[in-house]
Every structure is written in C-alpha cells, then in structure tokens.
Amino acid sequence: FREEENTLRELRIFLRQICAKLARNKQFYMFSKPVDVEEVPDYLSVIKEPMDLETMMTKIDHHKYTCAQDFLNDIDLMCANALEYNPDRNPADKQIRHRACYLQDTAYALIKAEMDSDFEDNCRKIRDDR
Ligand SMILES: Cc1noc(C)c1-c1cc(NS(=O)(=O)c2ccccc2)cc(C(=O)O)c1
C-alpha cells in the first residue's frame, strides 16, 4: 500500500509539471482558467461540463487523477468543449479550434515523451484495483 501512495505522489508531481508547462504557453491562455460566464453568458447553456487547466491543477491536488490517462481525459474534454462551442468558419472560431487541437496534441506528446510506460501501466493497475 505504501508503494501505491509513493507511485501516486510521483504521478501528481509529474502531472503538475505538465499542467504548468501547458498553462505557461501564451497560445493556451484562454484554456488556463474557466471560461468567464460574464464574458460568455450562454457558455454554460451549451457546455455541460466545462474544463480548464486551473481546474485540472486543483484536481491533481485533490488526488482526482490516479493515472495519466485520467488527466488526458480532461484534456480531451477541454478540447471537445472548445470545438463544440466554437464550430463556425469565422477566423475567431477557427483560431480557438486550432489552439484546442494544438493543446491536446502537445499534452499527449509531452506525456508520451516524459512518462515511462511501465509507470503508467502501474498507475492504471492501481486505478482499476480501486
Ligand atoms: C476557452 C473558450 N472556449 O470558448 C470560448 C469562447 C473561449 C474563450 C473565452 C475567452 N474569454 S474568457 O473571459 O472566458 C477567458 C479569458 C482568459 C482566460 C480564460 C477565459 C477568451 C477566448 C479567447 O480566444 O481569447 C476564448
């Protein structure tokens, strides 16, 4: 059990680094915080489960992720929300869709490059056994 807690602690440290790196990128600024319903009044009537990098950082601290795939599922949700809310062919919508896809690919690439696959397998076993 002790080893499991050590593994999950190491996962949280790793995910914080990934999350911070994404949030530092100027191109991902609009994904760094929850969409502001003052700025975008109808957002919550369209998007049922908002997600952003600041919320994800809090979820790491609350031990909500037990493997990298759980974290990537929220990256996928954030990207899907941006595609769903900004579907039109005008330049603003196109730019945010492009940045959402770029964020998603960057997150997957960072995790694949920096995470040992045995470590992720171990985390998934812990998740599935819980
Ligand atoms: C994200 C998102 N999903 O739908 C939309 C639409 C956006 C989105 C929202 C905002 N404005 S905001 O006040 O909600 C905000 C500002 C800074 C960080 C996070 C949110 C700006 C932009 C933009 O492209 O500049 C995009």
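Model, not experiment: these values are computed from the prediction.

Some thoughts on the state of the cysteines
According to the stated counting rule, one finds 0 disulfides in the structure shown. With no disulfide of its own, Cys19 has Cys79 as its nearest cysteine by sulfur position, at a separation of 15 Å. Left without a disulfide partner, Cys79 is nearest to the cysteine sulfur of Cys101, which lies 4.6 Å away.

Here we look at the pattern of salt bridges
Evaluation of the coordinates by the stated rule reveals 10 salt bridges. For Glu4, the salt bridge is made with Arg130, and the minimal N-O distance between the two is 3.2 Å. Separated by 126 residues along the polypeptide, Glu4 in helix 1 (residues 2-24) and Arg130 in the segment after helix 6 (117-129) bring together distant segments of the chain. A relative accessible area of 54% means that Arg130 is categorised as exposed. Note that Lys125 is salt-bridged to Asp129, the shortest N-O span being 2.6 Å. Note that Lys125 and Asp129 are positioned in helix 6 at a spacing of 4 residues, about one turn of the helix. Summarising the burial analysis for this pair, Lys125 and Asp129 share the class exposed. Shared partners join several salt bridges into a network, and the residues in it are Glu4, Glu5 and Arg130.

Here we look at the site of the ligand
The environment of the ligand is formed by Tyr29, Met30, Lys33, Pro34, Val35, Asp36, Glu39, Tyr43, Tyr85, Asn86 and Ile96. Here an oxygen atom of the ligand and a backbone polar atom of Asp36 are 2.8 Å apart. Contact with the protein chains covers 74% of the free accessible surface of the ligand, which is 550 Å². Looking at the shell around the ligand, its residues break down into 7 nonpolar, 1 polar and 3 charged.

A few points about the environment of Phe31
Residue position: Phe31 is located in the loop between helix 1 and helix 2 (43-46). With residues up to four places along the chain from it excluded, the contact list for Phe31 reads Asp52, Leu53, Met78, Ala82, Ile96, Arg99, Ala100 and Leu103.

Concerning the packing of helix 3 (residues 53-61) against helix 4 (residues 68-85)
One way to put it is that helix 3 packs onto helix 4 with a least axis distance of 11 Å and a crossing angle of 160°. The angle between the axes of helix 3 and helix 4 places the two elements in the roughly antiparallel class. Between helix 3 and helix 4 lies a crossing whose hand is right-handed. Seen from helix 3, the contacting residues are Leu53, Met56, Lys59 and Ile60; seen from helix 4, they are Phe71, Asp74, Ile75 and Met78. Tallied by class, residues from the contact of helix 3 with helix 4 come to 6 nonpolar, no polar and 2 charged.

Notes on helix 5 (residues 91-114)
The end-to-end C-alpha distance of helix 5, which contains 24 residues, comes to 34 Å, matching closely the 34 Å that a straight helix rising 1.5 Å per residue would cover. Buried within helix 5 we find Asp93, Ile96, Arg99, Ala100, Leu103, Thr106, Ala107, Leu110 and Ile111. Residues of helix 5 that are buried sit in contact with helix 1 and helix 4.

How each quantity is defined
Residues numbered from 1 in each chain as written. Predicted model: local features only at pLDDT ≥ 70, side-chain atom pairs only at ≥ 80, totals over all residues. Heavy atoms only, no water. Disulfide = S-S within 2.5 Å. Salt bridge = Lys/Arg side-chain N within 4 Å of Asp/Glu carboxyl O. Helix = DSSP H or I, 4+ residues; strand = E, 2+ residues; numbered from the N terminus. Buried < 20%, exposed > 50% of the residue type's maximum accessible area, 1.4 Å probe, protein only. Near = heavy atom within 4 Å. Polar contact = N/O pair within 3.5 Å; in protein donor to acceptor, adjacent residues only side chain to side chain. Areas by Shrake-Rupley, 256 points an atom, 1.4 Å probe, with all protein chains shown as cover. Nonpolar A, V, L, I, M, F, W, Y, C, P; charged D, E, K, R; others polar. Contact = heavy atoms within 4.5 Å. Axes fitted to C-alpha atoms, helices over the stretch in contact; angles between N-to-C directions. Parallel < 35°, antiparallel > 145°, perpendicular 65-115°, else oblique. Left-handed = near helix turned anticlockwise from the far one by under 90°. Expected span 1.5 Å × (residues − 1).

Shape is all these values report; function is a separate question.
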